[in-house]
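Each chain, written out:
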Amino acid sequence: RARPSVSFRAASRFIMPDGYNSQGNAYNTPGGTNSNAGNSYHYSNANGSYYYANDNGSTYYNNPNTGYVNYTPPPSSSKK
């Protein structure tokens, strides 16, 4: 008898976690730039704002309703 296919295991590593948290905010963890191996993630919040946390340690928040924008540059230690 042929063994059952296990190809779904290889494909599952490309599926990034996403969904909604308890506040109703959508989140997605796409990974690194042009790959799925990093630790980046972003939120699309219920109030229309959004937040990005990038692999290099920088963060970006924008609330178009209030005009508030905040960017945190990557830590200098990441430039080694």
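Use the structure listed above.
How each quantity is defined
- Residues numbered from 1 in each chain as written.
- Predicted model: local features only at pLDDT ≥ 70, side-chain atom pairs only at ≥ 80, totals over all residues.
- Heavy atoms only, no water.
- Helix = DSSP H or I, 4+ residues; strand = E, 2+ residues; numbered from the N terminus.
- Buried < 20%, exposed > 50% of the residue type's maximum accessible area, 1.4 Å probe, protein only.
- Pairing = 2+ DSSP bridges.
- Axes fitted to C-alpha atoms, helices over the stretch in contact; angles between N-to-C directions.
- Contact = heavy atoms within 4.5 Å.

(A) Structural view of the overall build of the chain. Within the chain, the regular secondary structure consists of one helix and six strands. In sequence order, the secondary structure elements of the chain are arranged as α-β-β-β-β-β-β. For the chain, with 80 residues in total, the buried portion stands at 15%.

(B) Summary view of the sheet that holds strand E1 (residues 18-20). An order of E1-E2-E3-E4-E5-E6 is seen for the six strands of this open sheet, with the pairing classed as antiparallel. Because the sheet does not close on itself, it has two edges, and the strands there are E1 and strand E6 (68-72). Looking at each pair of strands side by side, their axes are set apart by 10° on average, direction ignored. Taken together, the three bridges between strand E2 (residues 26-28) and strand E3 (residues 41-44) define a ladder with antiparallel strand orientation.

(C) Structural view of the side chain of Asn63. Position of Asn63 relative to the elements: it lies in strand E5 (residues 59-63). If we ignore the near neighbours within four places in the chain, the residues touching Asn63 are Asn47, Ser49 and Tyr68.

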